[in-house]
Amino acid sequence: MRDQSAPTENAPETAVWTGRATNRGQWLLAAAGAACMALGVELAVDSEWTSGLAPLLMSVIGCVAAGLLMLYGTLAFVHVAVKVDRDVLEVRCGHIGLPRRSIPLDHVVGAEFAPRVTPRQWGGWGYRWRPEKGTAVVVRRGEGLVLTLGDGRSFTVTVDDAEAAVRVIRDRLRLLAAGKPAKA
């Protein structure tokens, strides 16, 4: 589901575009993480290990740590929210909005629509970096928005209705270019 406002002719600089992308399949991984944590607690509370305290502690700590990593890794990237306002593109991940990234539009030199972004292209779900591609937030496969930044790097995010986001960003870039004084 997405909520968006396209710029109007009378007030293009005040409109805000918002979009989201969700991956419901990652809830299964979150459940697996919760199960690992439950196993660790079960081992700690009701254990009859006869092989010693060290193996028990390693098992408990390993299960709890693996469970926490799986829970955070999946819940942080179950969905992404993207907002484009007059000056900034902001990306927030997960239920508490972390990790997040703000990119000032005056640092953007181009915006493109990517019809198919996949986790495989980026090495998995989440906040990704690949030297030859740039940075990405990938929560599911599907359409995405690719920004070219002024320093030559790129930033990709999977978001529903990415074509509308590209149109809004390009409109903002034209407004920014029109408002800047010409270089001598």
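This text follows the structure it describes.
Residues numbered from 1 in each chain as written. Predicted model: local features only at pLDDT ≥ 70, side-chain atom pairs only at ≥ 80, totals over all residues. Heavy atoms only, no water.

A. Broad picture of the overall build of the protein chain. When helices and strands are tallied, the protein chain shows 4 helices and 9 strands. Scanning the protein chain from its N terminus toward the C terminus, one meets helices and strands in the order β-α-α-β-β-β-β-α-β-β-β-β-α. Burial statistics for the protein chain: of 184 residues in total, 38% are counted as buried. Total accessible area on the protein chain stands at roughly 10,700 Å², and carbon and sulfur atoms take up 59% of it. (Helix = DSSP H or I, 4+ residues; strand = E, 2+ residues; numbered from the N terminus. Buried < 20%, exposed > 50% of the residue type's maximum accessible area, 1.4 Å probe, protein only. Areas by Shrake-Rupley, 256 points an atom, 1.4 Å probe, with all protein chains shown as cover.)

B. How the structure looks around the sheet that holds strand E8 (residues 142–149). The sheet built from 5 strands is open, its strands ordered E5-E8-E9-E7-E6 with mixed pairing. Every other strand in the sheet has two partners, leaving strand E5 (108–117) and strand E6 (126–130) as the edge strands with one partner each. Strand-to-strand twist in this sheet, taken as the mean axis angle between neighbours without regard to direction, amounts to 20 degrees. The strands touched by helix H4 (residues 162–179) within the sheet are E5 and E8, with E5 carrying the most contacts at an inclination of about 170 degrees. (Pairing = 2+ DSSP bridges. Axes fitted to C-alpha atoms, helices over the stretch in contact; angles between N-to-C directions. Contact = heavy atoms within 4.5 Å.)

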